[in-house]
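Here's the letter readout for the chains.
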Amino acid sequence: MSEPKAPTPAPGDTYKGWLFKWTNYIKGYQRRWFVLSNGLLSYYRTQAEMGHTCRGTINLATANIAVEDSCNFVISNGGTQTYHLKASSEVERQRWITALELAKAKAFRMQAESDDSGDESSPPAAGQGGGSRNSEVQSTLRTLGSKVEDLSTCNDLIAKHGSALQRSLSELEGVRLEGQTSEKIRQVTERATLFRITSNAMINACRDFLSLAQAHSKRWQKALQAEREQRVRLEETLEQLAKQHNHLERAFRGATVLPPSQSNPAIDNKGSAQVKGDASDEDDENEFFDACEDVQEFITVPADPKYHRSGSNVSGISSELGMDDGTTSLDEQSLASNPESPQSQEVVPVRKRRTRIPDKPNYSLNLWSIMKNCIGKELSKIPMPVNFNEPLSMLQRLSEDLEYYELLDRAAKCHNSLEQMCYVAAFTVSSYSTTVHRTGKPFNPLLGETFELDRLQESGYRSLCEQVSHHPPAAAHHAISERGWTLRQEIALASKFRGKYLSIMPLGSIHCIFEKSNNHYTWKKVTTTVHNIIVGKLWIDQSGEIDVVNHKTGDRCHLKFAPYSYFSRDVARKVTGVVTDKDGKAHYVLSGTWDEKMECSRVMQSSRGGENGAEGRQKTVYQTLKAKELWRKTPLPDGAENMYYFSTLALTLNEPEEGVAPTDSRRRPDQRLMEQGRWEEANAEKQRLEEKQRTVRREREREANRSASPSEEGKEPADGALIEDSISDSPLKTEEVEIASEPAETTYKTETLHGSHPPAYSSGHQDNYKAMWFERRVDPSTGEPTNIYRGGYWEAKDQGNWDSCPDIF
């Protein structure tokens, strides 16, 4: 018997794809092209057959959809047609189930609407409970009618009293009163008339509404019934998914996972192949494809978007990474209700942040035009115009490390330290994603300059940065979150200018502490290289290696940022990493790019083999589960190319805000003028601020010299000790400059800070400067001296007391 041909798919109302359909015991599952359209599911051997030969069609309005296991499901109309289908993965199967259920509900509604709606005595499709629901709707309509009558009565009273009021006002007009009083009476009369007109319009609108409700009551009843039945079907589907999730979780934790090469798809389906027969399309020769059988994975559940910021880039489909013990998984934690979490508390309207800044003016300026006039001069004394800048300070750029703070929120929920390490490593990589197009130099902070980032209401965290030293330049950063993590870092920068490119080496460590587990992670930043300094288009690369260390457990993640090479076949900006425990055993492999995304794969087996490495050593080969996405970059806002390629967060960093300290970067006048496009005024203001800073520094040094040796009271320090924005891309300062001429080229060499850690900034410095909100201590975990937040800033902000802050602007 020939089967009907599938209808032509309507645009935007179809779902297509490959599925494996059971045919018989000889040929097993065969790959077929399925098309879901207008409530009908049709299939073809190939996509080319869609125009002329349909192999089968089933009407979903009367069909039953059942799920057998992770990839298999059955569609049957209760009669002659039964399709045993198999998807390539559990995710793909769930997509098909969702599309089929929605199509079935829509087909049922269309069938119900086609019935005769004029028969008042016909029972609704609900069956036994239809009469009660019908009476309920009729009762509601009667109640609405009575309420409209009440409104009509009130309208009559308003009209009656309004007329009396107007008569009284008219009588008052006849009385001789002052001009101003008469004018007021006329205004009151006009307003009373408008009030009567408005009340009449309201009553008429209510009557119209009641008429429409009575006219459409039958359609409402049918729509309500269809929605109720769809809800029941969805509840049954969710119950099946919950049972499958528990079954798969127990199977994963209790069974030994075999490598993919040892899995046998035929064995998995042998038991379910009984009494499956539908060989209507198997008379001709077919091409056979084995169904994909991956190692068991956990069900992927999308996160609720209302718990994430708009455009957020932490992947909402990040599923379990594969636990090796009985601890709670990531998805279970993220989906479980937490009464202490901010999401479960009363929602407070958040402040609306700005989404645009003035477009960047098209001012052209060549770096070489500045450098050629400065040959023989000390590079640290060459002033840099704002034309090379972006309207943010280095402190604000440092705060941008929190762009993807959600990764730390997820890490704080992890019970497994190795799993937590994966999120921390992804967070370290995500901080570089904002730099890929950001070739502008941030403003060098003045000594004592601060920047606060208060996102406690929107995101549960707040941070504070302060410029704690100017020679060498260094900034301290402290961030704390209500969701159980603290981030602190002290960054000093060294630079090497090689003529064609500028290398920036961040010095200092970054610390991340989780309150619940007391895990303490540290790492350092990699080298940033700015290419084509003299000629060509500027572009940025990140290269080097990062070791993220958990000082409590000994876990370690070694990340490698591959430098860009024209001859390399690898993906540009590639990052790879391996998470190991204290014994050196690998548990996870990380891969991705620092400008786009990071993924994580659970290691099932590792072995020595493959090609020899660069030093003749064999590479380690890891056999892993399917990769799970940890982080993905949020797209830049529209028009970002005209706004210095700022991200959504960066656009808000320099937004004026009340209540911040007088030393905050938002209050810096030259930076504000540059943002507004007034670059000439910004350059003049920048020069004034630098000269003011020099004067204050000289005075501090005089006081220090008086205290140290009264005999040298009148001696002043050399200008070479004074720091200003320079060619070294401040805050990258140079100490030595050599310019050597050779026959074919000119070589520029700058040497900066030496050693792996910056020197002490406060104690021992010639001007004895001490930071306002940070103090120098020795970190107990690393043994390094660092600036740690001493407290008091947020308390001063709450009190509005900034008397102790210096006047730097």
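Rules used throughout
- Along each chain, numbering runs from 1 in the same order as the chain's sequence is written.
- Thresholds applied to this predicted model are a pLDDT of at least 70 for local features of residues and 80 or more for the giving and counting of side-chain atom pairs; totals over whole chains, interfaces and linings are not thresholded and use all residues.
- Just so you know, side-chain values use all the structure's heavy atoms and leave hydrogens and water out.
- The helix count covers DSSP runs of H or I at least four residues long, the strand count covers runs of E at least two residues long, and both are numbered beginning at the N terminus.
- Only protein chains enter the area calculation, which uses a 1.4 Å probe; residues under 20% of their type maximum are buried, those over 50% are exposed, and those in between are partly exposed.
- Residue contacts are defined here by distance: any two heavy atoms, one from each residue, within 4.5 Å place the two residues in contact.
- Only the protein chains shown count as covering a residue, and every accessible area follows the Shrake-Rupley method with a 1.4 Å probe.
- Nonpolar cores are built from buried Ala, Val, Leu, Ile, Met, Phe, Trp, Tyr and Cys residues. Side-chain atoms within 4.5 Å join them into one set.
- A pair of strands counts as paired when DSSP detects no fewer than two bridges linking them.
- Axes here refer to lines fitted to C-alpha atoms; in helices the fit is confined to the stretch in contact. Angles between the N-to-C directions go from 0 to 180 degrees.
- Exposure above 30% relative accessible area and the absence of a salt bridge qualify a residue for a patch, where like charges join within 9 Å and nonpolar side chains (Val, Leu, Ile, Met, Phe, Trp, Tyr) within 5 Å.
- Salt bridges are identified by distance alone: a Lys or Arg side-chain nitrogen within 4 Å of an Asp or Glu carboxyl oxygen.
- Each helix should span, by expectation, one fewer than its residue count multiplied by 1.5 Å.
- Pairing of aromatic rings covers Phe, Tyr and the six-membered ring of Trp, with a centre-to-centre limit of 6.5 Å; geometry is then stacked below 30 degrees between planes, edge-to-face above 60, and tilted otherwise.
- Note on geometry: a ring has a charge over it if NZ (lysine) or CZ (arginine) is within 6 Å of the ring centre and within 35 degrees of the ring normal.
- In this charge count, Lys and Arg are treated as positive and Asp and Glu as negative; neither His nor the chain ends contribute.
- What qualifies as a polar contact is a pair of N or O atoms within 3.5 Å, subject to a donor-acceptor requirement within protein and to the restriction that residues adjacent in sequence count only when both atoms come from side chains.
- Throughout, the term roughly parallel applies to angles under 35 degrees, roughly antiparallel to angles over 145, roughly perpendicular to angles from 65 to 115, and oblique to all others.
- pLDDT expresses how confident the predictor is about each individual residue, on a scale running from 0 to 100.

Across its full length, the chain holds 15 helices and 28 strands. Within the span of the chain, comprising 809 residues, buried residues form 47% of the whole. Within the chain, counting contacts between residues at least 6 apart in sequence, those at least 24 apart form 62% of the total. Total accessible area on the chain is roughly 42200 Å²; 51% of this is exposed by carbon and sulfur atoms.

Counting residues in hydrophobic clusters, the biggest one holds 73 residues, and the most contacted among them are W485, L487, F514, W523, L559, F561 and L590. Element by element, the count of residues in this core is highest for helix 10 (residues 417-430), at nine residues. Excluding residues within four positions of it along the chain, W523 makes contact with V424, F427, T428, L487, S509, I510, C512, I546, D547 and V548. With 20 residues, the next largest nonpolar core counts V67, A87, W96 and L100 among its residues.

A few words now on the sheet that holds strand 7 (residues 82-86). In spatial order, the strands read 4-3-2-1-7-6-5; together these seven strands make up an open sheet with antiparallel pairing. Because the sheet does not close on itself, it has two edges, and the strands there are strand 4 (56-59) and strand 5 (64-67). Across the sheet, the axes of successive neighbouring strands diverge by a mean angle of 35°, strand direction being ignored. Of the pairings in the sheet, the one linking strand 6 (residues 72-76) to strand 7 comprises five bridges and is antiparallel in character. Residue pairing for strand 7: N72 is matched across the bridge by K86.

Right, let's talk about a nonpolar patch on the surface for a bit. A surface patch of nonpolar side chains, amounting to about 560 Å² of accessible area, comprises W539, Y564, Y566 and F567. With respect to the element layout, W539 can be found in strand 18 (residues 539-550). Relative accessible area serves as the criterion here: at 31%, W539 is assigned to the partly exposed category.

This brings us to helix 14 (residues 679-708). Along its 30 residues, helix 14 runs 43 Å from first to last C-alpha, staying within 8% of the 44 Å computed at 1.5 Å per residue. Of the positions making up helix 14, those classed as buried are W679, A682, E685, K686, L689, E690, Q693, R694, R697, R698, E701 and A704. As for helix 14, its buried residues are in contact with strand 9 (441-443), strand 11 (461-470) and helix 13 (669-675).

Within this structure, the stated rule accounts for 18 aromatic pairs. Between the aromatic rings of W22 and Y25, the centroid separation amounts to 5.6 Å while the plane-to-plane angle is 85°, which identifies the pairing as edge-to-face. Judged by relative accessible area, which is 7%, W22 ranks as buried. Overall, Y25 belongs to the exposed group, its relative accessible area being 54%. Judged by centre distance (5.7 Å) and plane angle (85°), the ring pair of F514 and Y521 falls under edge-to-face. A relative accessible area of 0% places Y521 in the buried class. The structure contains a cluster of three or more aromatic residues connected by ring pairs, namely W773, Y793, W794 and W802. R31 extends its terminal NZ or CZ atom over the ring of W18, reaching a point 4.1 Å from the ring centre.

Close approach of charged atoms allows side chains with opposite charge to pair. Following the criterion strictly, the structure yields 41 salt bridges and no others. Measuring nitrogen to oxygen at the nearest pair gives 3.5 Å for the salt bridge that ties D807 to K692. With D807 in the segment after helix 15 (793-799) and K692 in helix 14, this pair connects stretches of sequence that are 115 residues apart. With its nearest N and O atoms 2.8 Å apart, the salt bridge here joins R706 to E703. Of the two residues, R706 and E703 both sit in helix 14, three residues apart, roughly one turn of that helix. Judged by its relative accessible area of 30%, R706 falls in the partly exposed class. Residue classification places E703 among the partly exposed positions, given a relative accessible area of 41%. In this structure, a network of salt bridges that share partners links the residues R351, R353, E458, E655, E657, D664 and R666.

What follows is about the side chain of E466. Position of E466 relative to the elements: it lies in strand 11. In this structure E466 is buried but unpaired, with R790 as the nearest side chain of opposite charge at 7.1 Å. Polar contacts involving the side chain of E466 include one to the main-chain amide nitrogen of W773, which spans 2.9 Å. If near-sequence neighbours (up to four positions away) are discounted, E466 is found in contact with L395, G448, E449, T450, A474, A475, A476, Y769, A771, M772, W773 and F774.

Secondary-structure assignment places N444 in the loop between strand 9 and strand 10 (450-455). On a C-alpha basis, the gap between N444 and L392 in space is 9.2 Å, while along the polypeptide they are 52 residues apart. For N444, the side chain forms a polar contact with the side chain of H470, separated by 3.1 Å.

Let us look at the packing of helix 9 (residues 406-413) against helix 10. Packing of helix 9 against helix 10 leaves a shortest axis separation of 8 Å and a crossing angle of 170°. Taken together, helix 9 and helix 10 sit at an angle that is classed as roughly antiparallel. Between helix 9 and helix 10, the contacting residues are L407, L408, R410, A411 and A412 on the first element and Q420, Y423, V424, A426, F427 and S430 on the second.

Here we come to helix 9. With respect to burial, helix 9 is a largely interior element, seven of its eight residues being buried. Of all the residues in helix 9, the buried ones are E406, L407, L408, D409, R410, A411 and A412.

For the chain, per-residue confidence averages 75 on the pLDDT scale, and 71% of positions sit at 70 or higher. For residues 116-129, every residue scores under 50 in pLDDT, and the model assigns this stretch 11 contacts once sequence neighbours within four places are set aside. Counted against residues more than four places away or in other chains, residues 282-320, with its pLDDT under 50, gives 98 contacts.

Here we come to the environment of I513. On the secondary structure map, I513 appears in strand 15 (residues 510-514). In sequence terms I513 and W485 are 28 residues apart; their C-alpha atoms lie 5.6 Å from each other.

Right, let's talk about unusual backbone geometry for a bit. Even without glycine at this site, N38 takes up a positive phi of about 55°. Looking at the element boundaries, N38 is found in the loop between strand 2 (28-37) and strand 3 (40-44). We classify N38 as partly exposed; its relative accessible area is 42%. A positive phi angle, near 60°, is found at R573, a position not held by glycine. Inspection of the secondary structure assignment puts R573 in the loop between strand 19 (556-561) and strand 20 (574-580). Classification of R573 by relative accessible area gives partly exposed; the value is 29%.

Attention now goes to the pairing of strand 11. Across the 10 residues that make up strand 11, a large majority, nine, are buried. When strand 11 meets strand 12 (residues 473-481), the two strands line up antiparallel, connected through nine bridges. Looking at the pairing, C465 lines up with H477 of strand 12.

Relative to the helices and strands, S481 is located in strand 12. Here S481 falls in the buried class, since its relative accessible area comes to 8%. Residues S481 and Y405, spaced 76 residues apart in sequence, show a C-alpha to C-alpha distance of 9.3 Å. Ignoring anything within four residues of it in the chain, the contact list for S481 reads D409, G460 and Y461. Of the polar contacts made by the side chain of S481, one reaches the backbone nitrogen of R483; its length is 3.0 Å.

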